[in-house]
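Examining the three-dimensional arrangement
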Amino acid sequence: YDERSDAWALGCVIYEMICLHRPFHQAEGNIAILALRVMEGRYDREALARVAGCYNGLLILALAGLMTLDPGQRSRASEVLPTVERLRRELVGP
């Protein structure tokens, strides 16, 4: 366990904010299937694809980095922070 687990959790929160449901919502009724989907990184990518065009592409790319299954390939929150800060500045100004 290191900060990349926290980055995964941040990705789940951002996903829910964008899609208005949790990334693994399709398996929430069965804890065993939910655990399997989380371990396999099988979140609802189709729902994300449907709404992606409504959001800045940088946000979607940052989210993809945070939701990468392999911790060695997953973005760290510190790597995503400059992108998030840039998007914030674009929305609300300096």
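Now for a description of the structure that goes with this document. These numbers were taken from a predicted model, which means no experiment stands behind them.

**So, the nonpolar core**
Grouped together as the largest cluster of nonpolar side chains are 19 residues, with contacts concentrated most on Ile14, Tyr15, Ile18, Tyr43, Leu48, Leu63 and Met67. Mapped by element, the contributors of at least two residues to this core are helix 1 (3-19), helix 3 (45-52), helix 4 (57-66) and helix 5 (77-92). Here this core takes 7 residues from helix 1, the largest share from any one element. Ignoring anything within four residues of it in the chain, the contact list for isoleucine 18 reads Leu48, Val51, Tyr55, Leu59, Ile60 and Leu63.

**Digging into unusual backbone geometry**
Glycine aside, negative phi is the norm for most residues, and most peptide bonds take the trans geometry. With a phi close to 65°, leucine 20 is a non-glycine residue in the positive phi region. Given the relative accessible area of 73%, leucine 20 is considered exposed.

**Re the packing of aromatic side chains**
If you walk through the whole model with that rule in mind, you get 3 aromatic pairs. Note on phenylalanine 24 and tyrosine 43: the rings are 6.3 Å apart at their centroids and 85° apart in plane angle, and the pair reads as edge-to-face. With phenylalanine 24 in the loop between helix 1 and helix 2 (31-40) and tyrosine 43 in the loop between helix 2 and helix 3, this pair connects stretches of sequence that are 19 residues apart. Overall, tyrosine 43 belongs to the buried group, its relative accessible area being 11%.

About the criteria used
- Each residue is numbered by its place in its chain's sequence as written, counting from 1.
- In keeping with the model being predicted, local features are shown solely for residues with a pLDDT of at least 70 and side-chain atom pairs are shown and tallied solely at 80 or more, while totals for entire chains, interfaces and linings include all residues.
- Hydrogens are left out, water is left out, and the side-chain values use all remaining heavy atoms of the structure.
- We define the nonpolar core as a collection of buried residues of types Ala, Val, Leu, Ile, Met, Phe, Trp, Tyr and Cys that are connected through side-chain atoms lying within 4.5 Å of one another.
- Note on classification: 1.4 Å probe, protein chains only; a residue is buried when its accessible area is under 20% of the maximum for its type, exposed when over 50%, partly exposed between these limits.
- Put simply, DSSP H or I for four residues or longer makes a helix, DSSP E for two residues or longer makes a strand, and each gets a number counted from the N terminus.
- Residue contacts are counted whenever heavy atoms from the two residues lie within 4.5 Å of one another.
- For Phe, Tyr and Trp, rings pair up if their centres lie within 6.5 Å, where Trp contributes its six-membered ring, and each pair is then called stacked (planes under 30 degrees apart), edge-to-face (over 60) or tilted (otherwise).

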